[in-house]
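What follows is each chain in one-letter form.
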Amino acid sequence: MCGIVGYAGDKDVIPVLLKGLQALEYRGYDSSGVACLNGKDSRIFSIKEEGKLENLRARIDGDSKIKGIGIGHTRWATHGVPNQMNAHPHLDEKEQFAIVHNGIIENYVQLRAELEEKGIHFKSDTDSEIAVQLWQYEFAQSQDAQEAFRKAILQMRGRFAFVGICHDAPGHVYVFRRSNPIVIGLGKEENFVASDVTALLDYTKDVVYLDDNEYAVLSASSVEVYNLETKEKVDFKPTKIEWSSEQAQKGGYPHFMLKEIYEQPAVVDAVFNKRVVDHMVEWDTLDSKQEELLKQVHKIHIVSCGTAYHAGLASKYMIEENARISVEVSVSSEFRYSDPILDKNDLVILISQSGETADTLAALSEAKERGAFTLGIVNVLGSTIAREADAVIYTHAGPEIGVASTKAYIAQLMTMALFSIYLGQLRGVLKEDRSKSLIDEAAEVSNDVKRVLESQAELIKKCSKEFYERKDFVYLGRGYDFPTALEGALKFKEITYTHAHGYAAGEMKHGPIALVDENLPIICIAPQSKIQEKMMSNIEELRARKGIIISVGTEGDTALKEKSAYMFEIPAISALFSPILTVLPLQLLAYHVAVLNGRDVDKPRNLAKSVTVE
Ligand code: F6R
């Protein structure tokens, strides 16, 4: 949440900041702003605007050419309504210090009162302004910008990242990180900083991830990293990024979400090719000691949020079926406060696209403290969960920009399906011929995904046109199809702003069936499986009450087709891989209904891609 950027070099700084912010806008779009220093003026030039980045762009005069250093911000509001006054960067009264912030300063009320007592006036309602006021206050005592920055941070409690500039050091950008992502980009006679690498891809592939409680000082020609407590310089090793800037662009599609939906065959292929060698599943990031631990675990807990939680629910079915280990799945925000019962025989799997979700990170700390073995299933290379978990498996979905997760979910499902086969092989519970036939099937999933996306697109569009004005939708599934029902409903509500609810189909009779009448579209995920018969009975009950059945079923299933107003077809496939196919029509349905309703598909209201506050 909130995107922050910084630059030190000799480029015209505002376009660099705006380009970075554009790449980060999915992290928040309540307001945006930039602040720059040219090395001659002692006052900082700053401009900020409420709403999306385009509003800021419209205000920036083409003549505002500044060479030097600068910082920028795109906001997802926590403290203070989204308006111009609360937009970042925040400046001190004399406009000599500026700061952008991501995260929450927990003791801001007390700090604000103390500073106000000292005669300092605040302009905004944010916690963020504390940081800039404290920095300038500390500078007034020491006349040392770097030490004042450090002292200010030492007084603030919470998880946050800052980037700041000040008049006294017109060539330097100051950076701090604690549990909020920050990555430094290394250029030639220029250096960059951003909340995530997508903002840097146009400029460099060489990056440095700050660790918690480290601060950095950037100039055009140098990057220095220090430990907050000891002030000692920290050695760092740059990482090479594999993503390209083209991957983070729309590539001719009207929205990132649609592009990412159509990238899913390639994503499935990439996961398979990376993981499967001679019918065996292998992980480049697990060593033999970690494999031994996995062999021994007694119980697995999967912890995640939102779409990643749905991938966790599907993973439970996969692991229990193939590896016969009991799996409990929790949303991170519940798990961390549940006083979880864990010990060294437990494996805690954290699934996260961004690797930065605050609640999942907190759950990871909780699990580590209790001695469990922790494994991150993460998309973003070098993200906090990837670095802090005992072991990590990357999902290799590439950069996901659309706020609604699609290809990252598919990559999580494919990775976890293979992980379940691996665990079954490792623990000797999955028979060789079964494992071989599953791997053979896995090799075909990418083609199946392509086929569904190509063959069903027109029908889904037609269905969307018929129902896009309805106010309520219900999604139902059983077993492997239950997480798909939840995910279909989540995708639908987050981008269409229309109420949609996912239920386990067997639960309908216990209350929700009262909702059913001739106006209610009910999306039934009912591919052929060992529980399809039960699902068919549920469908009959809904039809008897005049509910409108829209189904996802297996090609050639005429019985289901006859009962459905629309049936979206998937090829026949084992239950293990079916969640990868059944969710595809639901992603497209949500997409088309959102477009027909004029929604901002890639930046739905009130949301942000990476939820870095609790
Ligand atoms: C929904 C969506 C969110 C995320 C959730 C977890 O489309 O994207 O529900 O899945 O915020 O995010 P990560 O996976 O980054 O931990």
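Residues numbered from 1 in each chain as written. Predicted model: local features only at pLDDT ≥ 70, side-chain atom pairs only at ≥ 80, totals over all residues. Heavy atoms only, no water.

Side note on the sheet that holds strand β2 (residues 31-37)
- In spatial order, the strands read β3-β2-β4-β1-β10-β9-β11-β14; together these eight strands make up an open sheet with antiparallel pairing. Each edge of the open sheet is held by one strand with a lone partner, namely β3 (45-50) and β14 (239-240).
- Relative to strand β4 (residues 67-75), β2 runs antiparallel, the two being bridged by seven bridges. Opposite S31, over in β4, you have R75 as the bridge partner.
- Helix α1 (residues 13-24) contacts β1 (3-12), β2, β3, β4 and β10 (191-194) of the sheet and is inclined by roughly 150 degrees relative to β1. (Pairing = 2+ DSSP bridges. Helix = DSSP H or I, 4+ residues; strand = E, 2+ residues; numbered from the N terminus. Contact = heavy atoms within 4.5 Å. Axes fitted to C-alpha atoms, helices over the stretch in contact; angles between N-to-C directions.)

Notes on unusual backbone geometry
- Cis geometry is adopted by the peptide bond preceding P89, which originates at H88 and carries an omega value of -5 degrees.
- Summarising the element assignment, P89 is placed in the loop between β4 and β5 (90-91).
- Backbone geometry at Q143 places phi at a positive 55 degrees, although glycine is not the residue there.
- One non-glycine residue, D278, adopts positive backbone phi at about 50 degrees.

Thoughts on the state of the cysteines
- With the rule as written, the count across this model stands at zero disulfides.
- With no disulfide of its own, C2 has C305 as its nearest cysteine by sulfur position, at a separation of 17 Å.
- Cysteine C36 is unpaired, with the sulfur of C166 as its nearest cysteine sulfur at 15 Å. (Disulfide = S-S within 2.5 Å.)

Looking at the packing of aromatic side chains
- One pass over the full model with this rule turns up 18 aromatic pairs.
- Ring centres of W135 and F149 lie 5.2 Å apart, and the angle between their planes is 65 degrees; on these two criteria the pair is classed as edge-to-face. Of this pair, W135 sits in helix α4 (residues 129-142) while F149 sits in helix α5 (residues 145-155); the two residues are 14 residues apart in sequence, bridging distant segments of the chain. One exposure class covers both W135 and F149, and it is buried.
- Taken together, a centroid distance of 6.1 Å and an interplanar angle of 20 degrees make the contact between Y253 and Y262 stacked.
- Feature note: the residues F97, W135, F139, F149 and Y174 constitute an aromatic cluster, connected by ring pairs. (Phe/Tyr/Trp six-rings, centres within 6.5 Å; stacked < 30°, edge-to-face > 60°. Buried < 20%, exposed > 50% of the residue type's maximum accessible area, 1.4 Å probe, protein only.)

Examining the domain arrangement of the chain
- Under the domain assignment used here, the chain contains domain 1 (3-247), domain 2 (250-443) and domain 3 (454-601).
- Of note, the centres of domain 1 and domain 2, computed from C-alpha atoms alone, are 33 Å apart.
- Here domain 1 meets domain 2 over a buried area of about 1,400 Å², counting both sides, of which 56% is carbon and sulfur.
- Put simply, domain 1 and domain 2 have one salt bridge between them.
- Linking D211 and R387 is a salt bridge whose minimum nitrogen-to-oxygen distance equals 2.7 Å.
- At the surface where domain 1 touches domain 2, the tally comes to five residue pairs in polar contact (both at pLDDT 80 or more). (Domains from an automatic or database assignment. Buried area = accessible area lost by both parts, 1.4 Å probe. Salt bridge = Lys/Arg side-chain N within 4 Å of Asp/Glu carboxyl O. Polar contact = N/O pair within 3.5 Å; in protein donor to acceptor, adjacent residues only side chain to side chain.)

Concerning the environment of N273
- One can find N273 in helix α7 (residues 264-275).
- Remark: the alpha-carbon pair of N273 and A443, spanning 170 residues in sequence, is separated by 8.6 Å.

What about the pairing of strand β26 (residues 566-570)?
- β26 sits mainly inside the fold: five of its five residues count as buried.
- Burial along β26 is two-sided: Y566, F568 and I570 and M567 and E569, pointing in opposite directions, are all buried.
- When strand β25 (residues 548-554) meets β26, the two strands line up parallel, connected through five bridges. What sits directly across from G553, in β26, is E569.
- Handedness of the β-α-β unit built from β25, helix α17 (residues 558-563) and β26 comes out right-handed. (Right-handed = clockwise from strand over helix to strand, strands pointing away.)

Looking at the environment of R159
- With respect to the helices, strands and loops of the structure, R159 is situated in strand β7 (residues 158-166).
- Residue class for R159 comes out partly exposed when judged on its relative accessible area of 25%.
- Distance from R159 to D433, taken between C-alpha atoms, is 49 Å for residues 274 residues apart in sequence.
- With residues up to four places along the chain from it excluded, the contact list for R159 reads N102, G103, I104, R178, S179, N180, L361, A362 and E614.

Quick notes on the nonpolar core
- Counting 91 residues, the largest nonpolar core has I300, I319, I349, L418, F419, Y475 and F577 as its most contacted members.
- The biggest single contributor to this core is helix α13 (residues 407-426), with 12 residues.
- Domain assignment of the residues forming this core places at least three in each of domain 2 (250-443) and domain 3 (454-601).
- Setting aside its immediate chain neighbours within four residues, F577 contacts A417, I421, L438, E441, A442 and V445.
- In terms of nonpolar packing, the next biggest core, distinct from the first, is built from 34 residues, L18, L53, L56 and F192 among them. (Core = buried A, V, L, I, M, F, W, Y, C linked by side-chain atoms within 4.5 Å.)

Looking at the packing of α7 against α13
- Following both chains from N to C, one finds α7 and α13 inclined at 30 degrees, their axes separated by 9 Å at the closest point. Here α7 lies roughly parallel to α13, going by the angle between them. Considering how the two elements wind past one another, α7 and α13 form a crossing that is right-handed. Facing Q264, V267, V268, V271, F272 and R275 of α7, the residues of α13 in contact are K407, I410, A411, M414, T415 and L418. (Parallel < 35°, antiparallel > 145°, perpendicular 65-115°, else oblique. Left-handed = near helix turned anticlockwise from the far one by under 90°.)

So, the packing of helix α8 (residues 288-296) against α13
- Contact geometry of α8 with α13 gives a least axis separation of 9 Å together with a crossing angle of 85 degrees. Taken together, the axes of α8 and α13 are roughly perpendicular relative to one another. Taken together, the residues of α13 that come into contact with α8 (itself represented by E291, L294 and K295) are F419, Y422, L423 and L426.
- Along the lines of polarity and charge, the residues of the contact of α8 with α13 split into five nonpolar, no polar and two charged. (Nonpolar A, V, L, I, M, F, W, Y, C, P; charged D, E, K, R; others polar.)

Section: the side chain of S330
- Mapped onto the elements of the fold, S330 is located in strand β18 (residues 326-331).
- Judged by its relative accessible area of 14%, S330 falls in the buried class.
- In contact with S330, not counting residues within four places along its chain, are I302, V303, S304, Y309 and F335.

Brief notes about the site of the ligand
- Neighbouring the ligand are 14 residues, the closest being S352, Q353, S354, T357 and E494.
- One nitrogen or oxygen atom from the main chain of Q353 is found 2.6 Å from an oxygen atom belonging to the ligand.
- One of the backbone nitrogen or oxygen atoms of V403 is found 3.3 Å away from an oxygen atom of the ligand.
- Considered on its own, the ligand offers 410 Å² of accessible surface; in the complex 90% of this is hidden by protein.
- If you list the elements that add at least two residues to the shell around the ligand, you get α9 (306-323) and α15 (481-496). (Near = heavy atom within 4 Å. Areas by Shrake-Rupley, 256 points an atom, 1.4 Å probe, with all protein chains shown as cover.)

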